[in-house]
Amino acid sequence: IATGSSPMRPPGVPFDDPDVEDSDTILDLDRIPHSLVVVGGDFGKELLDPQFVKAAVEALSHSLSLAPTDPKITYNLAILYGRSGDSNNAIKFLRDTITLKPNYRDAYAALVIFYKETGQRDLARQALQEYLTKVDPQDKDFTEQFGKL
């Protein structure tokens, strides 16, 4: 699925393949996919109706049972939970993601954002510091984006 206000078309993704969907065509499916990989930064709000969220969580949870050490699955579950309003599960799955892949920059960024959105500024600062200490102390973009906590 390519998410965004209009579907993005990253190079190398076979959009002529009938199993590849984008944020427009996914809405027309008449079946729940057995697995789902999200390419892009965020789910569009149109994808967050309760039926889609339930189906996506089920598909990702099933994928997690098949590949419990894949940090992309826990990351996508976290983003899905967070954007559907379940910050506690979002934070839990982001922590799981970082445990599976300690240098997962996007997981740290999302963790900082969810802590900040839930008013947990001290934990947001701790996550920022953890990333800068353990992963990349020279990451100026990360520091600029989150340094004003």
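Scroll up to find the structure.
Residues numbered from 1 in each chain as written. Predicted model: local features only at pLDDT ≥ 70, side-chain atom pairs only at ≥ 80, totals over all residues. Heavy atoms only, no water.

Considerations on the packing of aromatic side chains
All told, the structure shown has five aromatic pairs when counted by the stated rule. With a centroid separation of 5.6 Å and an interplanar angle of 15°, the aromatic rings of Tyr81 and Phe93 are classed as stacked. With Tyr81 in helix H2 (residues 71-83) and Phe93 in helix H3 (residues 87-100), this pair connects stretches of sequence that are 12 residues apart. Assigned by exposure class, Tyr81 and Phe93 land together as buried. Centroid distance Tyr131 to Phe142: 4.0 Å. Interplanar angle 35°. Geometry classified as tilted. Placement of Tyr131 in helix H5 (residues 121-134) and of Phe142 in helix H6 (residues 140-146) is noted, with a sequence separation of 11 residues between them. By way of ring pairs, the aromatic residues Tyr108, Tyr131, Phe142 and Phe146 are connected into one cluster. Lying over the aromatic face of Phe93, Lys92 brings its terminal NZ or CZ to 4.4 Å of the ring centre. One residue, Lys101, lies across the ring of Tyr104, its end atom 5.0 Å from the ring centre. (Phe/Tyr/Trp six-rings, centres within 6.5 Å; stacked < 30°, edge-to-face > 60°. Helix = DSSP H or I, 4+ residues; strand = E, 2+ residues; numbered from the N terminus. Buried < 20%, exposed > 50% of the residue type's maximum accessible area, 1.4 Å probe, protein only. Lys NZ or Arg CZ within 6 Å of the ring centre and 35° of its normal.)

Details of the packing of H3 against helix H4 (residues 105-117)
Where H3 meets H4, the axes come as close as 9 Å, and the angle between the chain directions of the two elements is 155°. Regarding the angle of H3 to H4, the classification is roughly antiparallel. Here H3 runs over H4; the crossing is left-handed. Residues Ser87, Ala90, Ile91, Leu94, Arg95, Thr97 and Ile98 of H3 pack against Ala107, Tyr108, Ala110, Leu111, Phe114 and Tyr115 of H4. Of the residues in the contact of H3 with H4, the class split is 10 nonpolar, two polar and one charged. (Axes fitted to C-alpha atoms, helices over the stretch in contact; angles between N-to-C directions. Parallel < 35°, antiparallel > 145°, perpendicular 65-115°, else oblique. Left-handed = near helix turned anticlockwise from the far one by under 90°. Contact = heavy atoms within 4.5 Å. Nonpolar A, V, L, I, M, F, W, Y, C, P; charged D, E, K, R; others polar.)

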